[in-house]
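Listed below, chain by chain, are the residues.
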Amino acid sequence: MSNVIKEFSRFAHQYNQHNEIQAQVAKTLVSKLPNKEHFKSILDLGCGSGAVVKNLQEEAYVYDTFTAFDSSKAMLEIHPSSEKITKVCGDFNHRNFLETLPFEEYNLLLSASALQWSTDLDQIFSLLSKVSTTAYFAIFTSGTFRTLHSLAGVSSPIYKTEILKNTIEKYYKDVEFELHSYTLSFDSVREMFRYIKKSGVSAGEKKLGFKETKRLMESYPLDYLEFEVLFVEAKM
Ligand SMILES: C[S@@+](CC[C@H](N)C(=O)[O-])C[C@H]1O[C@@H](n2cnc3c(N)ncnc32)[C@H](O)[C@@H]1O
């Protein structure tokens, strides 16, 4: 199991208290959907504890079936259940993961705050463009924790906006992008670092040693963390 998966599972029970930005991102993603459309089948990739399906319900969207896909069993357990929802535990970095889904095609594909962990952008977007002709993605970019990374002298473990855009444009005919930046303020640097550890956003990063972390905490110039998210509306 990779670092990413471990970190998300470890904090699954506390996850809802530590996901302010992701919660906002999922809400914004759902707000971009065409008004009051009835969706036959929806696939949510990296569904986590269900922010997307909860927003769909709040906005009174109607769907016949919803496939909740995630690599973390702990997340799927706390994801809402209903007779319309099928939960699938799997890894979207596996080239055959589509074969584990209950349907070959979907009317709508959604993915909020998960695809930054794709290990092969060409592979995933080539597969995804075949499974649904309409997709809405929200993907964290390398602008996330920009100041922190530059201070620590490490490069971001996640993709640059340009790389994401260029790859997505290869596989979809009609694409619209919107880049959002967010800041999250903290009372103390200690709390900020605790958040980074628990949010899951930093998962997979090279671990900093105790001394390096202490030095970083002392020299971090901001009382907030930076986040950057690319919103994508893609059609074939
Ligand atoms: C930051 S959470 C976002 C969850 C949810 N979409 C939301 O908006 O709150 C990212 C999710 O992606 C899942 N994930 C990460 N890598 C994955 C992979 N390779 N395959 C499937 N799911 C993955 C994690 O388990 C986690 O639940």
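Here, the structure is the one placed above.
Attention here is on the structure that accompanies the text.

Rules of the game
- Residues numbered from 1 in each chain as written.
- Predicted model: local features only at pLDDT ≥ 70, side-chain atom pairs only at ≥ 80, totals over all residues.
- Pairing = 2+ DSSP bridges.
- Helix = DSSP H or I, 4+ residues; strand = E, 2+ residues; numbered from the N terminus.
- Axes fitted to C-alpha atoms, helices over the stretch in contact; angles between N-to-C directions.
- Near = placed C-beta within 6 Å.
- Nonpolar A, V, L, I, M, F, W, Y, C, P; charged D, E, K, R; others polar.
- Left-handed = near helix turned anticlockwise from the far one by under 90°.
- Contact = placed C-beta atoms within 7 Å.

### Some remarks on the sheet that holds strand β7 (residues 224-235)
(1) Moving on: Overall, mixed pairing links the seven strands, which are arranged β3-β2-β1-β4-β5-β7-β6 in an open sheet. Only two strands of the sheet have a single partner each, and these edge strands are β3 (85-89) and β6 (174-185). Ignoring which end each strand starts from, the neighbouring axes of this sheet average 15 degrees apart.
(2) Moving on: As defined by bridge partners, β6 adjoins β7 across 12 bridges and the pair is classed as antiparallel.

### What to know about the site of the ligand
(1) Moving on: In the vicinity of the ligand lie 22 residues, with Gly46, Gly48, Ala51, Ser71 and Ala112 positioned nearest.
(2) Moving on: Looking at the shell around the ligand, its residues break down into 11 nonpolar, nine polar and two charged.

### Considerations on the packing of helix α5 (residues 121-131) against helix α7 (residues 161-171)
(1) Moving on: Here α5 crosses α7 at 35 degrees, and the two axes come no closer than 9 Å. Judged by the sense of rotation from one axis to the other, the crossing of α5 with α7 is right-handed. Between α5 and α7, the contacting residues are Leu121, Asp122, Phe125, Ser126 and Ser129 on the first element and Thr167, Ile168 and Tyr171 on the second.

### Brief notes about the environment of isoleucine 158
(1) Moving on: When you line up the elements, isoleucine 158 lands in the loop between α6 (146-152) and α7.
(2) Moving on: Taking the C-alpha atoms as reference points, isoleucine 158 and threonine 144, separated by 14 residues in sequence, lie 8.6 Å from one another.

Structural measurements only, silent on function.
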